[in-house]
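One letter stands for each residue in the lines below.
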Amino acid sequence: MTPPSPTTGQVRPLPDTEGEPLYPGKRPRVDKGKSASGSSQKTTKFAKKNAKRLKKQREHQPDLCSPEDVQWKDIVSLLGEDVVNNAIEESREFQSPFEFLEIVELEVKAVCSNGDGLAQSGVEGAKPWVVVVPFTLPGERVRAKIFKNARMHSIADFLEIVRPNPELRDDSRVKCQYFSKCGGCQYQMLSYEKQLEFKRNVVVKAYKNYSNLSESQVPEIQSTMPSPEQYGYRTKITPHFQAPPTKADRDLWQKEIAEGKVPDWLKIGFNIQGQNKVIDIEECPIATPVLNDALPNVRKNIHDTIHTYKKGATLLLRDSLETTGDSPKNICITSNHATIRETVGDFTFEYLASSFFQNNNSILPSLTGYVRDAIFSLYPSDDSSRPTHLIDTYCGSGLFAITLSPHFSTIAGIEISGDSILYANHNAKLNNIPSEKISFRKGDASDIFQTVSEFPPEKTVMVIDPPRKGCDDAFIQQLLKFRCKFVAYVSCNVHTQARDVGKIIKATENDGEGRRYVLESLRGFDLFPQTAHVESVAILKLV
Ligand SMILES: C[S@@+](CC[C@H](N)C(=O)[O-])C[C@H]1O[C@@H](n2cnc3c(N)ncnc32)[C@H](O)[C@@H]1O
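- Going by the annotation in an unreviewed UniProt entry, the name recorded for the protein chain is tRNA(M5U54)methyltransferase, with Marasmius tenuissimus given as the source organism.

**So, the UniProt feature "active site" (unreviewed entry) in the protein chain**
Okay, step 1: Mapped onto the present numbering, the UniProt feature "active site" (unreviewed entry) falls at Cys492.
Okay, step 2: Apart from residues lying up to four places away in sequence, cysteine 492 is in contact with Arg468 and Glu535.

**With respect to the packing of helix H11 (residues 473–482) against helix H12 (residues 494–509)**
Okay, step 1: For the pair H11 and H12, interaxial distance at closest approach is 11 Å and the crossing angle is 40 degrees. Considering their axes alone, H11 and H12 lie oblique with respect to each other. The element H11 and its partner H12 pack so that their crossing is right-handed. Taking contact as the criterion, the partners of Ile476, Leu479 and Leu480 in H11 are, on H12, Asp500, Lys503, Ile504, Ala507 and Thr508.
Okay, step 2: Looking at side-chain class alone, the contact of H11 with H12 contains 5 nonpolar, 1 polar and 2 charged residues.

**Remarks on the pairing of strand S14 (residues 339–344)**
Okay, step 1: For S14 and strand S15 (residues 347–352), the ladder comprises 6 bridges, and the chain directions are antiparallel. Paired with threonine 343 across the two strands is threonine 348, which belongs to S15.
Okay, step 2: Once S14 ends, the chain turns through 2 residues before running back antiparallel as S15, passing glycine 345 with a positive phi of about 60 degrees.

**Examining the site of the ligand**
Okay, step 1: Around the ligand there are 19 residues in total, and Tyr394, Gly396, Ile416, Ala445 and Asp465 lie nearest to it.
Okay, step 2: Elements with a minimum of two residues in the shell around the ligand: helix H8 (399–403) and strand S17 (410–415).
Okay, step 3: Across the shell around the ligand, the residue classes break down as 12 nonpolar, 4 polar and 3 charged.

**Notes on H12**
Okay, step 1: The end-to-end C-alpha distance of H12 is 22 Å, a good match for the 22 Å that 16 residues give at a rise of 1.5 Å each.
Okay, step 2: Three or more residues of H12 are buried, namely Val494, His495, Thr496, Gln497, Ala498, Arg499, Asp500, Val501, Ile504 and Ile505.
Okay, step 3: On the buried face of H12, the contacting elements are helix H2 (67–79), helix H4 (192–210), H11, strand S20 (486–491), strand S21 (517–525) and strand S22 (535–542).

Definitions and limits used
Counting restarts for each chain, with residues numbered from 1 along the sequence as it is written. pLDDT decides what is reported in this predicted model: residues at 70 or higher carry local features, side-chain atom pairs at 80 or more are listed and counted, and totals for whole chains, interfaces and linings draw on all residues regardless. UniProt positions are given in the numbering used here, feature names are shortened, and annotations may be inferred rather than shown by experiment. Residues are scored as being in contact if the C-beta atoms we place from backbone atoms lie within 7 Å. Here an angle of 0 to 180 degrees is reported between the N-to-C directions of two axes, which are lines fitted to C-alpha atoms, with helices fitted over the stretch in contact. Counting from the N terminus, the helices are the DSSP runs of H or I reaching at least four residues and the strands are the DSSP runs of E reaching at least two. For classification, angles of less than 35 degrees are called roughly parallel, those exceeding 145 degrees roughly antiparallel, those between 65 and 115 degrees roughly perpendicular, and all remaining angles oblique. What makes a crossing left-handed is the near helix being turned counterclockwise from the far one by less than a right angle; a clockwise turn instead makes it right-handed. Throughout, the ten residues Ala, Val, Leu, Ile, Met, Phe, Trp, Tyr, Cys and Pro are labelled nonpolar, Asp, Glu, Lys and Arg are labelled charged, and all others, Gly among them, are labelled polar. Two strands qualify as a pair provided DSSP detects at least 2 bridges between them. By definition, a residue lies near a molecule or strand when the C-beta atom built from its backbone is within 6 Å of it. Here a helix's expected span is defined as the number of its residues, less one, multiplied by 1.5 Å. Here exposure depends only on C-beta density: within 10 Å of a residue's C-beta, 20 or more other C-beta atoms make it buried, 12 or fewer make it exposed, and intermediate numbers make it partly exposed, the C-beta atoms being placed from the backbone.

And the structure:
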């Protein structure tokens, strides 16, 4: 049976030609003359294949909250639901007005949550269609080269700005020589205030599209918390390089290396925007100065030893406080097995170089301080009902548990990574927090409810800081049973956060328990200036 044609009210499918990710490494090949000539048998075979592919495209549904899904919602919002629904009803949704590799001039109308411009043909009466063009801003006229056609939209490479929007763009702000090629940053041409405004809008859209909450249930979203450092903040970078070419060319490039040359194919850096291809990067202005100082040597080491590699590899450069010597200084660590040290306010943290730690140290005191204030500012200082217990789920090496420890009498943390838990316990000692007060255990987040059965829910705050995919249902169900007074949901993916927060609030609306969660406050945090990424903190309160 053919599945019913989806409508915009449902989760919108975004087509995906070969089931590859949104920005495929492999771009479509030009099938020169494949359909134009050849035997009729061949043509029929080709037509059948095409029909099959179109059917697959029509049926494809992106995962809820996936980058494709987020982008699709922005596309629908720009085109209008009716327009999209009509096109789908009439099976026109894959009829792109643009050819593969066509160069087009377009008007940018909006910016997508991932930072790409959403453009349309400026010609009156043109077919409703969106072209996604990175590095462009609303109000600009741009030239772009189409490289993929999909449902109601195409994806294009940015070529040039034909007419800038001077209210938004000032290219003299751009500090990186690779900007508009490297896929790392999207917003260097924008003022910092505008970047924060754009990111606030991402939070607004995420809660509109994914929380399932009514407008009145979502509080006014606060302005995005700025990062004290807007360049030179990234304490970790992971440049990579691709595998050396096959045997056939090996003699040639080994000769080049022997002559002290760097072979042409050897690029050490980050992915080119929209491609699975590396751009050679000699400096990264958003990385901290010590990482930039170390990069030339790290690169040289690969140039000198590339003949020993059979595969590509990812390098690690991490900023750390030197643990020996009298005066602390920052150094670059490149070993996955080393211990990294950094301070957050008055606290010291150590963690394994290969494990998770937030990548922008400069904003961490604001982030952890915000969680503290968002809760304790609701109580007078002598109020006996102030929270006393803290649960830090997805706790890593103990960032929230430890920085918030002065404000609680009892703290428990849980984390799936054994290495991080070892360091969380170590960090508790390092910061002189007694073991009777704080404990960390390795396990799935949902296991924490066994540990905290003695915690008084009415006086307990739970921090949730999951990976991008958010929380699973098992965890949410137990959280709903436990029902602590506050949940501080910290997230690196505001879309899954909105989904989970919506689930929690909706589940307590009419469940007969008498008390429900409300969304007390919502704020984006700019952990990654110059990029389109935003982190978000939602405070839920049981009322
Ligand atoms: C975004 S990080 C947050 C870490 C910590 N809160 C911090 O800010 O440094 C998410 C953490 O969740 C951990 N994690 C992933 N899945 C988990 C699970 N099912 N249960 C517990 N922890 C998990 C990861 O190992 C990672 O340390």
